[in-house]
Each structure stands twice: as C-alpha cells, then as structure tokens.
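Per-entry structural report
Chain residues, written in single-letter form:
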Amino acid sequence: MEAKPEDKERNQREIDAYDYGDTPEYLPEGTGRRKMRQDQADYAGMVENVDENVGRLLALLDELGITDNTIIVFSSDHGGLSNDGERNRLLATSNWPLRAGKGWQYEGGIRVPLLLHWEGHIEPRAEPTSIVLGMDIFPTLLDMTIGKNVEGIDGKSFKNVVAGKETWADRTVFWHSRKARPHSTGDPKTSTIRSGDWKLLEFFEENRVELYNLKNDPSEQHDLAADMPEKTAELHAQLKAWKSEYLVPKKMKKKH
C-alpha cells in the first residue's frame, strides 16, 4: 500500500485526532484477527486516489460528448482486507458493521458496492433490498443496450430492478469455496445459501452450520441455528441439493 505523501500525512493527522472510544483494534476471527478500526492512512489515500481518477474518467466522457452513450458500472473486489490468519500481517481496512472480510462468506467478504449510471436513461435511486450478484452485470448490460436475453448462464438481467419495476428481495443465491486460507485470511472451507433475509453458512469440513437473519442482524452476531432448527434444516437441505446438482466433485477437488 502506497499513497501520495501529502494524502498520507493529512489522513494520519485525522486518524490520530479521531476518538475510537472503546472499539477494540482487533477481534478474534477464524485462525486470526478481524480489524475493527479504519486507521490505515495509506489505504485511505489510495481510496481517495481512486475517487479522483474516476472523476477524471467521468470528466473525459463529458469532454468527448459520449456521457449519454456510456453505461458506467462501479463495483469492487470481494471484501476489504480486514482479516489475517495464522500469521499477523498489515490489514488495510475494516468492513464493520459487516462481519469479517476477504476470503470469508460473512457479509464483509461478499457484500460489495454496485453503482450504475447512464445519463438520461437511469433515474437516480437507491435499491437496498434486492439481491444482485456480479454475475448479473453481463446479462443486464446486454439487456439494457440491445434488448438481448442470454440463456444458459447463471446470471440474469436486473434491468427492471434498476428501473424500479421489480424488487429481488426474496431471491435465493449460493456461494461455495473449497479454497480456505487459514494462513492468510483465517477462513475455513464454506458453502452458503441466502434466501431473502435468511442466510445459512455451512463450514463443511467442520461439520457445523450457522444461521442469520440479515434484516434484523446485518452484522451476523447472533447465530440462530440452535434456536430455529426447522429453518436451519430447510435451508441446509436447499444448499445440499444445490451442491449435489451443480458442483462436479472431480472438478472441485483440490490438486496437490
């Protein structure tokens, strides 16, 4: 991480003057720690630099006269680097109030920003409830630009969500990763289902599950698996059925 010296110096002064109260610097998570404070001056400067250069790109579109003929999509990689594992390392950021970060399937590791802008075509609005994934961007852009629907892929067009004509609050989606990184980000091998407000994580090598209601508990602090065995069993069965249908074991095996 490397920021402009003047940005780093200004950010460091602001960080030094900020009162974090009783917020701990780290909490235990997996095989390592989860960072809880936004106190990295270089990282803050790099975020500022991204902002400045996106501004330069937008200004260039205006200069070229093609702003109204350009769809702008802004998103990010999955999860800020807020966790380490068995070896301590420099952590760039905190995703709080979301839990954990890169590598994890808690919200801090999979929930990312997504902004779309198309001058004269998209009315400014926020959509806080619909469940949209990165795989939906490709079919959405084709639908918005040439009205083409793509068959045979997992993603689907959220054109009507952007227009405010639909809400995808009850969508069911899945994640699966056999690439645990206990040394670097502290996470175990995990499969996850989200169905509406409900989310179940299966730590399949540890033979345990966790259940959360994201509407009431977006920070994933209260595991409801033991309190709601029927909902847990329902979602776990859906997750196992999806894995059985879509995951090909011989392709998913880790090769040494």
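Keep in mind that this is a model prediction, so the values were computed, not measured.

**Section: the packing of aromatic side chains**
In the structure shown here, the tally under the stated rule is six aromatic pairs. Ring geometry for Tyr18 versus Tyr20: centroids 4.7 Å apart, planes at 70°, classification edge-to-face. Residue Tyr20 is classed as buried on the basis of its relative accessible area, which comes to 18%. In this structure an aromatic cluster arises from ring pairing among Trp104, Tyr106, Phe203 and Tyr212. Taking the ring centre of Phe204 as reference, the NZ or CZ of Lys243 above it sits at 4.5 Å.

**Some details on helix α1 (residues 5-17)**
Its 13 residues place the ends of α1 19 Å apart at the C-alpha level, agreeing with the 18 Å of an ideal helix rising 1.5 Å per residue. The inward-facing, buried residues of α1 contact α2 (41-64).

**Comments concerning the sheet that holds strand β5 (residues 172-177)**
The strand order across the open sheet formed by four strands is β5-β6-β7-β8, and the pairing between neighbours is antiparallel. The open sheet has two edge strands, β5 and β8 (208-213), and neither has a second partner. Taken pair by pair, the neighbouring strands of this sheet meet at an average axis angle of 10°, ignoring direction. When strand β6 (residues 190-195) meets strand β7 (residues 198-203), the two strands line up antiparallel, connected through five bridges. Looking at the pairing, Thr192 lines up with Leu201 of β7. In the packing of helix α6 (residues 229-246) onto the sheet, contacts are made with β5, β6, β7 and β8, and the angle to β7 comes to roughly 65°.

So, how was this worked out
Residues numbered from 1 in each chain as written. Predicted model: local features only at pLDDT ≥ 70, side-chain atom pairs only at ≥ 80, totals over all residues. Heavy atoms only, no water. Phe/Tyr/Trp six-rings, centres within 6.5 Å; stacked < 30°, edge-to-face > 60°. Buried < 20%, exposed > 50% of the residue type's maximum accessible area, 1.4 Å probe, protein only. Lys NZ or Arg CZ within 6 Å of the ring centre and 35° of its normal. Helix = DSSP H or I, 4+ residues; strand = E, 2+ residues; numbered from the N terminus. Expected span 1.5 Å × (residues − 1). Contact = heavy atoms within 4.5 Å. Pairing = 2+ DSSP bridges. Axes fitted to C-alpha atoms, helices over the stretch in contact; angles between N-to-C directions.

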